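Chain by chain, the residues:
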Amino acid sequence: MFSKHVTKDISAYCHGELSPEAARQFAEHIIACAKCRGEFEEIKQGIKFAEQLPQLEAPESLWKGIEARLGEERRVDVSRRAWRPRLVAVAVALVVVAGLGLWRLWEKTSQNHLSNQFAQQWWQVQRLDGAPRIGSQQIGTTGRLGIGEWLETDGSSRAQIAVSSIGTVDIDENTRVRLLETAPTEHRLELERGKMSAMIWAPPRLFFVDTPSAVAADLGCAYTLEVDDHGAGRLRVTSGWVALQLKERESIVPAGAACETRPGVGPGTPYFEDASKSFQSALKEIDLQQNSAAGKQALNALLNEARWRDTLTLWHLLARVPHDDRALVYDKLAGFVAPPPDVTREGVLQLNNFMLARWKSVLEAHWNPIGIGDKKGLLKKSLVPLKKPYVPER
Amino acid sequence: MEQRAVMVQQPIDGNVIEACQQGDRDAFQLLFETYKDKVFSIAVYSVGGDRALADDVTQQIFLKLFTAIRDFRGDSQFTTWLYRLVVNACIDERRRRKRWLPWGEIVAMKHTGDRKPQEKQFARVEVAEAVREAIAELKPKFRLPILLKYIEGLSYEEIASVMNCSKGTVASRLNRGHSQLAKRLAHLNNASTWND
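Residues numbered from 1 in each chain as written. Chains lettered and ligands numbered in written order. Predicted model: local features only at pLDDT ≥ 70, side-chain atom pairs only at ≥ 80, totals over all residues. Heavy atoms only, no water.

Here we come to the packing of aromatic side chains. Between two aromatic rings, the relevant description is the distance of the centres plus the angle of the planes. A full pass over the atoms with the stated rule returns 15 aromatic pairs over all chains. Measuring from centroid to centroid gives 6.4 Å for A:Tyr13 and A:Phe40, while their planes differ by 65 degrees, and the two rings are edge-to-face. Taken together, the residues A:Tyr13 in helix α1 (residues 10–14) and A:Phe40 in helix α3 (residues 34–50) connect sequence positions 27 residues apart. The pair formed by A:Tyr13 and A:Phe40 is uniform in burial state, with each residue classed as buried. An angle of 85 degrees between the planes, with centres 6.4 Å apart, marks the rings of B:Tyr35 and B:Tyr83 as edge-to-face. Separated by 48 residues along the polypeptide, B:Tyr35 in helix α2 (residues 25–46) and B:Tyr83 in helix α4 (residues 78–97) bring together distant segments of the chain. Given a relative accessible area of 1%, B:Tyr35 falls into the buried group. The exposure class of B:Tyr83 is buried, given its relative accessible area of 0%. Seen from the ring of A:Trp150, A:Arg176 lies directly overhead, with NZ or CZ sitting 4.0 Å from the centre. The ring of A:Phe272 carries A:Arg309 above its face, with NZ or CZ at 3.8 Å from the centroid. (Phe/Tyr/Trp six-rings, centres within 6.5 Å; stacked < 30°, edge-to-face > 60°. Helix = DSSP H or I, 4+ residues; strand = E, 2+ residues; numbered from the N terminus. Buried < 20%, exposed > 50% of the residue type's maximum accessible area, 1.4 Å probe, protein only. Lys NZ or Arg CZ within 6 Å of the ring centre and 35° of its normal.)

The following block contains the structure:
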């Protein structure tokens with residue numbers, strides 16, 4: 001059953017003010033509910049702005065003004081000499097209070113780690129195998145990865161990171177990662193090289209992984225990400241969705257699909273891993289040299305091999321193939337799933353952003369039946385069934 | 001100079017408060033030094049950016065504190081009690097002046113912080129300025145919880161205690177405040193350099 005909307009709790013969730021159980025229910029709802037997710041994105045942006053609010057420094061002259069206005073009559077008979085021993089006592093008391101505070105903080109953190117999810121500036125790391133290192137220090141059974149610190153594994157070590165309370169990341173052998181940010185509105189890891197597997201249960205676009213050739217934005221999912229020594233990467237999604245981005249270039253990758261990334265180019269075109277080998281090799285060719293004769297030949301081979309499910313690849317190719325080839329891709333795509341009534345052939349060929357997004361919103365139900373905000377399959381129900389074979393416009 | 005809002009509260013020991021209650025000027029100065037920037041920040045944001053006026057409001061707050069601290073019995077946390085005093089003083093000032101002064105109309109904010117030529121640094125300064133303006137335009141009931149959250153680093157429970165309302169009300173007002181900030185500053189969403 002669909003749970004109640006959670007918009008009233010959005011700020012409280014972002015500030016870690018909800019109980020662990022309430023936070024879990026919140027995340028589950030927001031992954032499934034497009035309405036709440038829309039408001040979540042807006043409030044998250046508001047929080048990002050509010051975090052830019054600077055604290056100001058009071059002018060030096062302020063105390064002199066206060067002192068002058070206090071007046072002599074308020075001066076009491078407490079000399080500085082009498083105060084100094086008490087100042088020492090106060091300092092000692094402050095140290096004791098601070099110590100007690102730290103101890104209580106530690107106690108509270110260990111008892112209720114989840115409720116403090118957004119307050120801490122580090123992530124818990126657990127050793128799985130061998131001797132992972134944080135900085136130059138080997139960790140024991142567990143360790144803490146602070147902001148700016150590197151976690152590194154060698155050929156025989158592995159580790160698991162608890163990403164605040166929103167998920168886990170398994171770090172494979174020969175991998176180097178760094179914690180860049182952990183804040184209410186953003187958790188960000190850098191994968192310099194190696195392989196990691198993430199399992200995230202949080203609202204979309206809260207967890208990011210920077211790689212040398214793209215940024216992986218979690219949309220509520222499980223995935224593995226590999227980066228080789230040259231900075232090229234490969235993403236495989238096992239559940240949910242991931243967006244790979246580099247500047248204006250973005251690839252949306254659903255469960256069962258994969259996507260390569262290359263330094264200086266960004267994310268390639270995503271494809272389902274059960275696509276034929278010839279489809280995959282043709283796609284690789286297109287991504288590498290789409291403007292050449294070989295690229296054109298590869299496109300024809302890909303279109304011949306394309307299945308209904310490969311609309312994922314075809315939709316992404318619309319904006320990536322040369323203009324002259326776009327009509328071929330459009331016709332193939334429209335042959336599988338008709339565009340909605342408000343999407344025209346001409347508009348798509350001109351790369352009208354609204355029309356591309358509108359068509360994608362229909363196609364997404366094919367790419368991942370339990371899509372973003374589509375646990376009830378609403379998008380799938382909105383599909384326009386093809387009553388007769390599609391005939392390309394001439 | 002400006003500092004980014006920090007979420008750390010310097011502790012003021014019970015002995016310092018007791019000394020203040022006995023009229024000890026040095027103890028009071030210690031208390032002043034601990035809270036002056038935060039109190040001044042709230043005052044500036046509450047009076048539309050007029051630093052001279054904020055200076056005066058801050059002085060009044062500390063003068064009142066110097067007298068009122070004798071009545072502090074420790075029934076609530078000192079910070080909660082202090083910020084209640086600050087919030088009330090700012091609300092009184094608003095009533096006295098009948099209206100909030102539009103941001104920047106009186107005195108333009110003077111930036112003495114580093115203004116590195118890099119685009120990112122410049123973008124951050126511009127965004128901070130836009131955020132200050134947007135916050136100044138919020139209704140006080142939405143603005144004050146935001147100031148208490150981001151300048152003072154208070155929890156929802158502490159904000160509720162300062163504002164004499166429920167935690168649910170604090171959550172709701174912060175939601176509304178965040179939402180309005182996002183709408184007013186939507187034009188900055190594409191300026192990605194500031195939040196990279």
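Moving on, we get to unusual backbone geometry. For A:Asn174, which is not a glycine, the phi torsion comes out positive at approximately 50 degrees. Relative to the assigned elements, A:Asn174 resides in the loop between β8 (167–171) and β9 (176–183).

Membership of the largest hydrophobic core comes to 163 residues, with the highest contact counts inside it found for A:Tyr13, A:Met196, A:Phe207, A:Tyr223 and B:Phe78. Apart from the residues lying within four places of it in its own chain, the contact partners of B:Phe78 are B:Ile17, B:Leu31, B:Tyr35, B:Leu65, B:Ile69 and B:Phe72. (Core = buried A, V, L, I, M, F, W, Y, C linked by side-chain atoms within 4.5 Å. Contact = heavy atoms within 4.5 Å.)

The next subject is the environment of A:Glu260. All names here are of chain A. Considering the arrangement of structural elements, one finds Glu-260 in strand β15 (residues 257–262). Classification of Glu-260 by relative accessible area gives partly exposed; the value is 24%. As a C-alpha pair, Glu-260 and Lys-284 span 24 residues in sequence and 9.0 Å in three-dimensional space. The residues contacting Glu-260, other than those within four sequence positions of it, are Gly-233, Arg-234, Gly-266, Pro-267, Gly-268 and Tyr-271. In this structure the side chain of Glu-260 is engaged in a polar contact, spanning 2.6 Å, whose partner is the side chain of Tyr-271. (Polar contact = N/O pair within 3.5 Å; in protein donor to acceptor, adjacent residues only side chain to side chain.)

Next up on the list: the confidence of the model for chain B. All names here are of chain B. In this model, chain B carries an average pLDDT of 78, and 77% of its residues clear a pLDDT of 70 or more. Taking the mean pLDDT of every element in chain B, the minimum, 45, falls on strand β1 (residues 2–4) and the maximum, 95, on helix α8 (residues 167–184). Low pLDDT, under 50, characterises residues 1–10; the stretch is placed with 38 contacts to residues that sit more than four places away or in other chains. Confidence metrics for the complex model read pTM 0.62 and ipTM 0.79. (pLDDT = per-residue confidence, 0-100.)

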